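A closer look at the structure
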Amino acid sequence: MAKILLLGSGELGKEFVIAAQRIGQTVIAVDSYLNAPAMQVAHDFEVINMLDGDALDKIVAKHNPDFIVPEIEAIRTERFYDYEKQGITVVPSAKAANFTMNRKAIRDLASKELGLKTAEYRYATTAEELRKGVLEVGIPCVVKPLMSSSGKGQSTIKTEADIEKAWEYAVAGSRGDVVEVIVEAFVKFNSEITLLTVTQNNRRTLFCAPIGHRQERGDYQESWQPARISDKDLYEAQDMAKKVTEALGGAGLFGVEFFIADDGVYFSELSPRPHDTGMVTLAGTQNFNEFELHLRAILSLPIFEITLEKTGASAVILASENSANPTYTGIEKIAALAKTDFRIFGKPSSRPYRRMGVALTSDSLETPVEEVVERAVKAASLVTVNP
């Protein structure tokens, strides 16, 4: 069986490890802090700064994995090309990991090389450059660090007075050592979707039913599947997703994000791994959840088809305070609900707005998705994270 080195050990990594354990794979979970969620279920673990290339090299040499599976952005991804030369499979590929860990590379690939429709954008390495970029793309606009996740450092500029604060917030929220931001024109979209896209070795690309989601502070709060979009918009999104994933290469599951607007589909972002909005698939909405799909594609196990089985929703359970030993109340209330499930991630500490768990609801495909989302939100509200 394969040996997998998982770089990043949060809640998405934890579910991936569980999927791998179920079919007998060996996983070493790596993160910058002890007792991260995926470490709790892996065969072995390492605690290192993954932006330290020498430390990363030592871990790779020590474990000699068959696969390296990134779960976060803050990794010295340039080393991945060397690992590929050593015969290690980087998931989905060294190119994909490098391009998608930095918003600049993936946006330029999508917009300039592939000609996909995106929001107008500029880059900035100083507050003054940001001011210039904002005036060029127009207000309102969105500012994001080139390297970040879960909405960290992201803000909306509504007036010129917001520019300085947006710059400082983006720099503070940036992961890694890249001090650069992207400023995007605001797209007047009707909805946002994630299209989970599965690339396979020597087999056709597969798509999950589109997932809708709602964000606050740049981070998702609820997601649901299926999202309602027109066949025309769905085909356009699938075409864009196929083009960009083929350009990046490799096998695995990609979370491809789009804006759906009156004038069509806009490419937004891409993650080369299971997506947080895709946690809705843990509600049994598909024949395989997103973590199982990622694993099977990595291992070159044939995936005959992806079928939509239920309507489902997820809603996040957030912490409200800092704690070095969080506890939970209300678990018995959520457990008593029909067609409802939950996950507590087991993070060893909490801080305001940190995602600590998720509520999951499902029902028949005929059930209006709004009802299922409402139930998920109510279920999540029953659980309190205590300091």
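Owing to the predicted nature of the structure, the values given are computational and were not obtained by experimental measurement. (Residues numbered from 1 in each chain as written. Predicted model: local features only at pLDDT ≥ 70, side-chain atom pairs only at ≥ 80, totals over all residues. Heavy atoms only, no water.)

**What to know about the domain arrangement of the protein chain**
When cut into domains, the protein chain gives domain 1 (3-90), domain 2 (120-185) and domain 3 (189-386). The gap between the C-alpha centroids of domain 1 and domain 3 is 22 Å. Carbon and sulfur atoms make up 65% of the area that domain 1 and domain 3 hide from each other, which totals about 1700 Å². Looking at the side of domain 1 facing domain 3, the largest losses of area belong to E11, L12 and E15, adding up to 35% of the total buried there. The tally of links from domain 1 across to domain 3 stands at four salt bridges. In this structure, the connection of domain 1 to domain 3 is made through seven residue pairs in polar contact (both at pLDDT 80 or more). Listing elements by their share of the side of domain 1 that touches domain 3, those giving two or more residues are α1 (11-22) and β4 (67-70). It is α1 that contributes the most residues to the side of domain 1 that touches domain 3, eight residues altogether. (Domains from an automatic or database assignment. Buried area = accessible area lost by both parts, 1.4 Å probe. Salt bridge = Lys/Arg side-chain N within 4 Å of Asp/Glu carboxyl O. Polar contact = N/O pair within 3.5 Å; in protein donor to acceptor, adjacent residues only side chain to side chain. Helix = DSSP H or I, 4+ residues; strand = E, 2+ residues; numbered from the N terminus.)

**Brief notes about the packing of aromatic side chains**
Summed over the entire model, instances satisfying the criterion amount to five aromatic pairs. Taken together, a centroid distance of 6.2 Å and an interplanar angle of 45° make the contact between F80 and Y83 tilted. In this pair, F80 and Y83 both sit in helix α3 (residues 80-85), three residues apart, roughly one turn of the helix. Accessibility classification places F80 together with Y83 in one group, the buried group. Geometrically, the ring pair formed by F186 and F189 is tilted, given 6.3 Å between the ring centres and 40° between the ring planes. The exposure class of F186 is partly exposed, given its relative accessible area of 41%. (Phe/Tyr/Trp six-rings, centres within 6.5 Å; stacked < 30°, edge-to-face > 60°. Buried < 20%, exposed > 50% of the residue type's maximum accessible area, 1.4 Å probe, protein only.)

**Examining the packing of helix α6 (residues 127-137) against helix α7 (residues 163-172)**
Between α6 and α7, whose axes approach to 10 Å, the crossing angle comes to 120°. Between α6 and α7, the angle falls in the class oblique. Between α6 and α7 the crossing geometry is right-handed. Two secondary-structure elements touch here, α6 through A127, L130, R131 and V134 and α7 through I163, E164 and W167. Counted by class, the contact of α6 with α7 contains five nonpolar, no polar and two charged residues. (Axes fitted to C-alpha atoms, helices over the stretch in contact; angles between N-to-C directions. Parallel < 35°, antiparallel > 145°, perpendicular 65-115°, else oblique. Left-handed = near helix turned anticlockwise from the far one by under 90°. Contact = heavy atoms within 4.5 Å. Nonpolar A, V, L, I, M, F, W, Y, C, P; charged D, E, K, R; others polar.)

**Comments concerning α7**
Residues of α7 that are buried: I163, A166, W167 and A170. Down the axis of α7, the buried side of the element spans an arc of 100°, and every buried residue falls inside it. Seen from the open side of α7, the exposed residues pointing more than 90 degrees away from its buried face are K165 and A172. Against β6 (121-124), α6, β7 (141-145), β8 (155-157) and β9 (181-185) lie the buried residues of α7. (Arc of directions from axis to C-beta.)

**Notes on the pairing of β7**
Where burial is concerned, most of β7 is hidden: five out of the five residues are buried. Both faces of β7 are covered, namely the face carrying C141, V143 and P145 and the face carrying V142 and K144.

**Considerations on the sheet that holds β9**
Spatially, the four strands line up as an open sheet ordered β6-β9-β7-β8, and their pairing is antiparallel. Only two strands of the sheet have a single partner each, and these edge strands are β6 and β8. The average angle at which neighbouring strand axes cross in this sheet is 25°, direction not considered. Pairing between β7 and β8: three bridges, direction antiparallel. In the strand pairing of β8, C141 is matched with I157. The strands that helix α5 (residues 103-113) touches are β6, β7 and β9; relative to β6, the one it contacts most, it runs at about 150°. (Pairing = 2+ DSSP bridges.)

**Considerations on the nonpolar core**
One finds F16, F67, V69 and M279 to be the most contacted residues of the largest nonpolar core, which totals 29 residues. Counting only elements with at least two residues in this core, the list comes to β1 (3-7), α1, β2 (26-31), β4, α9 (290-298) and β19 (355-363). Per-element tally for this core: the top contributor is α1, with five residues. What V69 contacts, discounting residues up to four positions off in sequence, is I4, L5, L6, L7, F16, V91, H294 and I298. (Core = buried A, V, L, I, M, F, W, Y, C linked by side-chain atoms within 4.5 Å.)

**What to know about the sheet that holds strand β3 (residues 44-47)**
In spatial order, the strands read β3-β2-β1-β4-β5; together these five strands make up an open sheet with parallel pairing. Of all strands in the sheet, those with a lone pairing partner are β3 and β5 (89-90), marking the two edges. In the sheet, β2 pairs with β3 via four bridges, with the strands oriented parallel. Residue V30 lies in a different strand from β3, and its bridge partner there is E46.

**Section: the pattern of salt bridges**
Within this structure, the stated rule accounts for 31 salt bridges. Across the pair E136 and K132 runs a salt bridge whose closest N-O atoms are separated by 2.8 Å. Of this pair, E136 and K132 both sit in helix α6, four residues apart, roughly one helical turn. Since its relative accessible area comes to 51%, K132 is described here as exposed. In this structure, K378 and E374 form a salt bridge, with 3.4 Å as the shortest nitrogen-oxygen distance.

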